[in-house]
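Residue-level structural notes
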Amino acid sequence: MNAPAATATALPATLTLPTPAAGELYAGLVLEDGAWHHLILLPESMAKVAGWKKAMEWAKEQGGDLPTRCEQAVLYGNLPGEFEKDWYWSSTPFAGDESYAWCQYFSDGTQCDTRELSKLRARAVRRVAI
């Protein structure tokens, strides 16, 4: 038997958009796990680094997190010019194997899993709950 789908929280009739800080960019609205949030792309970019965990630590140092797979799709759709045409880490671990994590190719939007020790780029985001 299939589990019931999560019910999404309705958006309010009017939304107040958050004001991005200097260098930040507003990326859009994201619905994940039944809740909406605003997505803000932080200004710094991390050159290729070996290791998913190192990329996650770097994102925390920037005051944010790596984007989820869903958020990466929003970033690719709304802010593609802010990324090199390269692979970027997501914050999403691969459920089938703990030594893998999800990533996205910002040349064509492809998402796939790769070893946690692969050498990929990173960007950090912050979220503003609605």
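We now turn to the structure provided with this report.

Definitions and cut-offs
- Residues numbered from 1 in each chain as written.
- Predicted model: local features only at pLDDT ≥ 70, side-chain atom pairs only at ≥ 80, totals over all residues.
- Heavy atoms only, no water.
- Helix = DSSP H or I, 4+ residues; strand = E, 2+ residues; numbered from the N terminus.
- Rg over C-alpha atoms; globule rule 2.2 N^0.38 Å.
- Contact = heavy atoms within 4.5 Å.
- Areas by Shrake-Rupley, 256 points an atom, 1.4 Å probe, with all protein chains shown as cover.
- Lys, Arg positive; Asp, Glu negative; His and termini not counted.
- Charge placed at Lys NZ, Arg CZ, Asp CG, Glu CD.
- Buried < 20%, exposed > 50% of the residue type's maximum accessible area, 1.4 Å probe, protein only.
- Arc of directions from axis to C-beta.
- Pairing = 2+ DSSP bridges.

Turning next to the overall build of the chain. Assigned secondary structure in the chain consists of two helices and six strands. Mapped from its N terminus to its C terminus, the chain presents α and β elements in the order β-β-α-α-β-β-β-β. Relative to a compact globule of 130 residues, whose C-alpha radius of gyration would be 14 Å, the chain shows 15 Å and is just as compact. C-alpha extents for the chain along the principal axes are approximately 50 × 45 × 25 Å. The contacts of the chain with a sequence gap of at least 6 include a subset with a gap of at least 24, amounting to 57%. Accessible surface computed for the chain: about 7400 Å², of which carbon and sulfur atoms make up 53%. Within the chain, the 16 negative side-chain charges are centred at a point lying 4 Å from the centre of the 12 positive side-chain charges.

This part is about helix 1 (residues 52-61). The complete set of buried residues in helix 1 reads Trp52, Ala55, Trp58 and Ala59. One side of helix 1 holds all its buried residues, which, seen down the axis, span an arc of 120°. Exposed and facing more than 90 degrees away from the buried side of helix 1 are Lys53, Lys60 and Glu61. The secondary structure elements touched by the buried residues of helix 1 are strand 2 (35-50), strand 3 (87-93), strand 4 (100-105) and strand 6 (119-129).

It is worth spelling out the pairing of strand 1 (residues 25-32) at this point. Pairing of strand 1 with strand 2 involves seven bridges; the strand directions are antiparallel. Note that in strand 2 the partner of Leu29 across the bridge is His38. Linking two consecutive strands that pair antiparallel, namely strand 1 and strand 2, is a turn of two residues; a positive phi of about 55° is found at Asp33 within it.

A few words now on the environment of Lys85. Turning to its location among the elements, Lys85 is positioned in the loop between helix 2 (69-78) and strand 3. Taking the relative accessible area as the measure of exposure, Lys85 reaches 62% and is therefore exposed. When the C-alpha atoms of Lys85 and Tyr105 are compared, they prove to be 6.9 Å apart, with 20 residues separating the residues in sequence. Apart from residues no more than four positions distant in its own chain, Lys85 is found in contact with Tyr105, Phe106 and Ser107.

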